[in-house]
2 protein chains.
Amino acid sequence: MQESALILTNGHFDSVFAKTTHGLVRGPSRYVIAGVVDARYTGQDAGVVLDGQPRGIPFFESVVCALDVLPNKPSYCLVGVATVGGKLPVSLRSDLIVAAKHGLTLVNGLHQLLSEDPELVLVATGGIVDIRKPKPASALQFWTGEVLSIPTPRIAVLGMDCAIGKRTTAVNIRNTCRKRGIRAEMIYTGQTGWLQGLKHGFVFDATLNDFVSGELEKAILACYEDTCPDLILLEGQSALRNPAGPAGSEFICSGGAKGVILQHAPLRERFEDFDCVIPPVEEEIELIRLLGAEVWAITLFTRGMTDTQSVAAACQIEEQCGVPVVRTLEDGVDRVVDEIYARVIA
Amino acid sequence: MQESALILTNGHFDSVFAKTTHGLVRGPSRYVIAGVVDARYTGQDAGVVLDGQPRGIPFFESVVCALDVLPNKPSYCLVGVATVGGKLPVSLRSDLIVAAKHGLTLVNGLHQLLSEDPELVLVATGGIVDIRKPKPASALQFWTGEVLSIPTPRIAVLGMDCAIGKRTTAVNIRNTCRKRGIRAEMIYTGQTGWLQGLKHGFVFDATLNDFVSGELEKAILACYEDTCPDLILLEGQSALRNPAGPAGSEFICSGGAKGVILQHAPLRERFEDFDCVIPPVEEEIELIRLLGAEVWAITLFTRGMTDTQSVAAACQIEEQCGVPVVRTLEDGVDRVVDEIYARVIA
């Protein structure tokens, strides 16, 4: 039986910092989600609050309340937020301690390692799993170039910014491919992918810089050898020109992705959390071309837009960029999969 | 008095893997270089072998021979090679053990940490300094954007590949600026910069990926606050499209460099150690433009070219790209400094 977990977002559920939690509520998830602790939504369903679809995941006011109400004690307590710089928000701390004292295993994807927190270590009899705990250089692999010789097409899901829906789009593309009989796999590159139970990947931003390309290669090769799929989707990280940590060329130059699905938020003018303007999407397409790949489709993150606005934006960008533009969550990604099918399967 | 060091290259002096040693022989250096251990050149002068200029740095056959001959025992023994993936070459091992047994402090810039090598730890009574020892996330800084508000121009010295002379060019530009009364500082980003005694910088490739931009920002801000210079040079790493680990956008997007000096090896067709073609230099200029900076000059790494060849290459590239092109080591970088002066000082 799949084990269950309680997620803590404590006041952050309705923010991009809770994107890990949103991914787990949408599924897939490594654990059955027994509930989410966020007092503001006590009694509501996390699926309904997220996107209107009930998923039988209740909100609780606190860990104590959750443990009181739930018929079975969850085995795990997950830190459900990913903050800039990876620090533990204060609002989660006391609930984490309560969960630890009740023997739940703490699972944490922040850079701030709970296993180095003396107070938590003392009470966490159920143990602590730090997903982002860096591996030493001796456990990491340098790039060899072997990945460039495998025949399976790699497609990178990149984005114009952080916290813009790259992983959700990648999961949707994978699922839609599979429904249509295309054996698609996905390489995760963040802690959420691991929490979602994906088999192949690594935590990109917690890897020593010199080994990012090698670990990406290793994950792709392992995926290829284990599953021999029709295509491999690569979950992108950050954005090519995000000043807080530009990333993405690894997927093209080192991972050998020839196609890119580009996630874009038409309303977002500045990079998440920073007063820096996001450059135009046409420039991003050209940048990707110079790096060695081609944008095959653009997928939209429409938060804050009315339906009319987002439909108009999709039409306008499609005309301007000459590739299919879809609203991932509203329209699904069938048109993206059509494009992928035409380019690499047909 | 500045302390002295013996460098080990053991068979690798005449290879790009010894670029750390080449930098220290050229200077500046944190330590007085007492000699280089590389049996092939025993008795010769390292400066003469490197570039024809005597520098009073003798080659020795072994550490034992060096300690026999040198009037004063050096305090340090440096690993003078930087291999792909950062593994210690076998040829250095026995000499490192001898040096350790004689009480020299081992100084190592490889990813492979000597402080985690039980055999060496046991004998190294003089201690071990691992320059590339990764810092934990708790000791690293995330990017804040503060760097974008300082007035001092930043100029990135990027390259078309690894091991192509970026650091040497950056040091030369800094020195030439200073001779002309321009207060130039340089941010190091590799272990050699630290070994050269540079004050501000960090080891880029041994940093957890998420914090590379923040550590770069921190180094630039510290340099600005400590020295308030006329300009700050940023030592680039790898190359924007190097498949083994693309890098460089950090200097532009996160460091705010508006100008780029691009180091190029006209004869080199493939990326160092890999069977991957280096794309054209004109594309690199366009890529840099899309990232937000402009190439102000191109500097050439001419190893393997005759004088006639390299002069012809410089002329041709200058005509083709429309920026000054100089052969760093042969011509000096005065024309590069003229260009910088005209753009940011005048």
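Refer to the structure printed above.
These numbers come from a predicted model, not from an experiment.

1. Re the sheet that holds strand S3 (residues 59-60) of chain A
All names here are of chain A.
Right, on to step 1. Read from one edge of the open sheet, six strands run S3-S2-S1-S4-S5-S6, paired in parallel fashion. A single partner strand is all that each edge strand has here, and the edge strands are S3 and strand S6 (128-130).
Right, on to step 2. Pairing between strand S5 (residues 105-108) and S6: three bridges, direction parallel. Within the sheet, the bridge partner assigned to Val107 lies in S6 and is Val129.
Right, on to step 3. Against the sheet, helix H4 (residues 90-101) touches strand S1 (4-8), strand S2 (32-37), strand S4 (76-79) and S5, its axis set at about 165° to S4.

2. Concerning the interface of chain B and chain A
Right, on to step 1. The partner chain A presents 38 residues to the 37 residues of chain B that form the contact.
Right, on to step 2. Summed over both sides, the interface between chain B and chain A buries roughly 3200 Å², with carbon and sulfur atoms accounting for 65% of that surface.
Right, on to step 3. Contact with chain A buries area across many residues of chain B, yet Trp143, Asn209 and Leu290 of chain B alone supply 19% of it, more than any other trio.
Right, on to step 4. Linking chain B with chain A are zero salt bridges.
Right, on to step 5. Across the contact surface, chain B and chain A share ten residue pairs in polar contact (both at pLDDT 80 or more).
Right, on to step 6. Secondary structure elements with two or more residues in the side of chain B that touches chain A: helix H8 (212-227), helix H9 (249-254) and helix H10 (281-291) of chain B.
Right, on to step 7. With five residues, the single largest contributor to the side of chain B that touches chain A is H10 of chain B.
Right, on to step 8. In terms of residue class, the side of chain B that touches chain A is built from 21 nonpolar, nine polar and seven charged.

3. Regarding the packing of aromatic side chains
The description of an aromatic ring pair uses the distance of the two centres, along with the angle that the planes make with each other.
Right, on to step 1. By the definition in use, this model includes 16 aromatic pairs over all chains.
Right, on to step 2. Measuring from ring centre to ring centre gives 5.0 Å for Phe274 of chain A and Trp143 of chain B, while their planes differ by 70°; the resulting arrangement is edge-to-face. Separated into two different chains, Phe274 of chain A in the loop between strand S10 (259-264) and helix H10 (281-291) and Trp143 of chain B in the loop between strand S6 (128-130) and strand S7 (154-159) make up a pair that spans both. Here Phe274 of chain A matches Trp143 of chain B in class, with each residue buried.
Right, on to step 3. Their ring planes at 85° and their centres at 6.3 Å tell us that Phe142 of chain B and Phe211 of chain B sit as a pair that is edge-to-face. In this pair, Phe142 of chain B sits in the loop between S6 and S7 while Phe211 of chain B sits in the loop between helix H7 (191-195) and H8, placing the two residues 69 residues apart along the sequence. In this pair, the class of Phe142 of chain B matches that of Phe211 of chain B, namely buried.
Right, on to step 4. Connected via pairs of aromatic rings, a cluster forms that spans Phe13, Tyr41 and Phe59 of chain A.
Right, on to step 5. Directly above the aromatic system of Trp194 of chain A lies the positively charged group of Arg30 of chain A, at a separation of 3.9 Å from the ring centroid.

4. Some details on the relation of the copies chain B and chain A
Right, on to step 1. Each copy of the sequence occupies a distinct position, and chain B is placed on chain A by a rotation of 180° and an axial shift of 0.0 Å, giving an RMSD of 0.0 Å. Overall, the copies show the geometry of a two-fold rotation axis.
Right, on to step 2. A shared binding surface is used by both copies, with 100% of the interface residues of chain B retained as interface residues in chain A.

5. Quick notes on the environment of Ala99 of chain B
Right, on to step 1. Looking at the element boundaries, Ala99 of chain B is found in helix H4 (residues 90-101).
Right, on to step 2. Since its relative accessible area comes to 0%, Ala99 of chain B is described here as buried.

6. A look at the pairing of strand S11 (residues 294-300) of chain B
Residue and element names in this part refer to chain B.
Right, on to step 1. For S11, the buried fraction is high: six of the seven residues fall into the buried class.
Right, on to step 2. For strand S10 (residues 259-264) and S11, the ladder comprises six bridges, and the chain directions are parallel. Bridge assignment links Gly259 to a residue of S11, and that residue is Glu294.
Right, on to step 3. Following the chain from S10 across H10 to the adjacent parallel S11, one finds a crossover that is right-handed.
Right, on to step 4. Taken together, the three bridges between S11 and strand S12 (residues 325-327) define a ladder with parallel strand orientation. Counted as the bridge partner of Ile298 is Val325 from S12.

7. Focus on the environment of Val63 of chain B
All names here are of chain B.
Right, on to step 1. Structurally, Val63 is set in helix H3 (residues 63-69).
Right, on to step 2. The class for Val63 is buried, based on a relative accessible area of 0%.
Right, on to step 3. Look past the residues within four positions of Val63 in its chain and what remains in contact with it is Leu6, Leu8, Val37, Asp95, Val98 and Ala99.

8. Focus: the packing of helix H6 (residues 166-179) of chain A against helix H13 (residues 334-345) of chain A
The packing of two helices is summarised by the inter-axis angle and the distance between the axes.
Residue and element names in this part refer to chain A.
Right, on to step 1. Interaxial distance between H6 and H13 falls to 9 Å at its minimum, and their mutual angle equals 70°. Of the possible angle classes, the one that applies to H6 and H13 is roughly perpendicular. As for how H6 packs across H13, the hand of that crossing is right-handed. Contacts from Ile173, Thr176 and Cys177 in H6 reach Asp334, Val336, Val337 and Ile340 in H13.
Right, on to step 2. Of the residues assigned to the contact of H6 with H13, the class counts are five nonpolar, one polar and one charged.

9. Concerning the packing of H10 of chain A against H10 of chain B
Right, on to step 1. Relative to each other, H10 of chain A and H10 of chain B sit at 145°, their axes nearing to 10 Å. When you trace H10 of chain A past H10 of chain B, the crossing you get is left-handed. Where H10 of chain A abuts H10 of chain B, its residues Glu283, Glu286, Leu287, Leu290 and Leu291 of chain A lie against Glu283, Glu286, Leu287, Leu290 and Leu291 of chain B.

10. Here we look at unusual backbone geometry
Right, on to step 1. With an omega of 0°, the peptide bond between Gly27 of chain A and Pro28 of chain A qualifies as cis.
Right, on to step 2. Position of Pro28 of chain A relative to the elements: it lies in the loop between helix H1 (19-26) and S2.
Right, on to step 3. The phi dihedral of Cys228 of chain A falls on the positive side, at around 40°, and the residue is not glycine.
Right, on to step 4. Along the chain, the position of Cys228 of chain A falls in the loop between helix H8 (212-227) and strand S9 (231-235).
Right, on to step 5. For Asp273 of chain B, which is not glycine, the phi dihedral falls at a positive 75°.
Right, on to step 6. With respect to the helices, strands and loops of the structure, Asp273 of chain B is situated in the loop between S10 and H10.

11. Some thoughts on the sheet that holds strand S7 (residues 154-159) of chain A
Residues and elements named next belong to chain A.
Right, on to step 1. With respect to topology, six strands assemble into an open sheet ordered S8-S9-S7-S10-S11-S12, the strand pairing being parallel. Edge positions in the sheet fall to strand S8 (184-187) and strand S12 (325-327), since each of these pairs with one other strand and no more. If you compare each strand with its neighbour and ignore which way they point, the axes differ by 25° on average.
Right, on to step 2. The strands touched by H8 within the sheet are S7, S8 and S9, with S8 carrying the most contacts at an inclination of about 155°.
Right, on to step 3. Its contacts with the sheet put H10 on S7, S10 and strand S11 (294-300), and the angle it makes with S10 is roughly 155°.

The rules behind each value
Residues numbered from 1 in each chain as written. Chains lettered and ligands numbered in written order. Predicted model: local features only at pLDDT ≥ 70, side-chain atom pairs only at ≥ 80, totals over all residues. Heavy atoms only, no water. Pairing = 2+ DSSP bridges. Helix = DSSP H or I, 4+ residues; strand = E, 2+ residues; numbered from the N terminus. Contact = heavy atoms within 4.5 Å. Axes fitted to C-alpha atoms, helices over the stretch in contact; angles between N-to-C directions. Buried area = accessible area lost by both parts, 1.4 Å probe. Salt bridge = Lys/Arg side-chain N within 4 Å of Asp/Glu carboxyl O. Polar contact = N/O pair within 3.5 Å; in protein donor to acceptor, adjacent residues only side chain to side chain. Nonpolar A, V, L, I, M, F, W, Y, C, P; charged D, E, K, R; others polar. Phe/Tyr/Trp six-rings, centres within 6.5 Å; stacked < 30°, edge-to-face > 60°. Buried < 20%, exposed > 50% of the residue type's maximum accessible area, 1.4 Å probe, protein only. Lys NZ or Arg CZ within 6 Å of the ring centre and 35° of its normal. Least-squares fit on C-alpha atoms with pLDDT ≥ 70 in both. Right-handed = clockwise from strand over helix to strand, strands pointing away. Parallel < 35°, antiparallel > 145°, perpendicular 65-115°, else oblique. Left-handed = near helix turned anticlockwise from the far one by under 90°.

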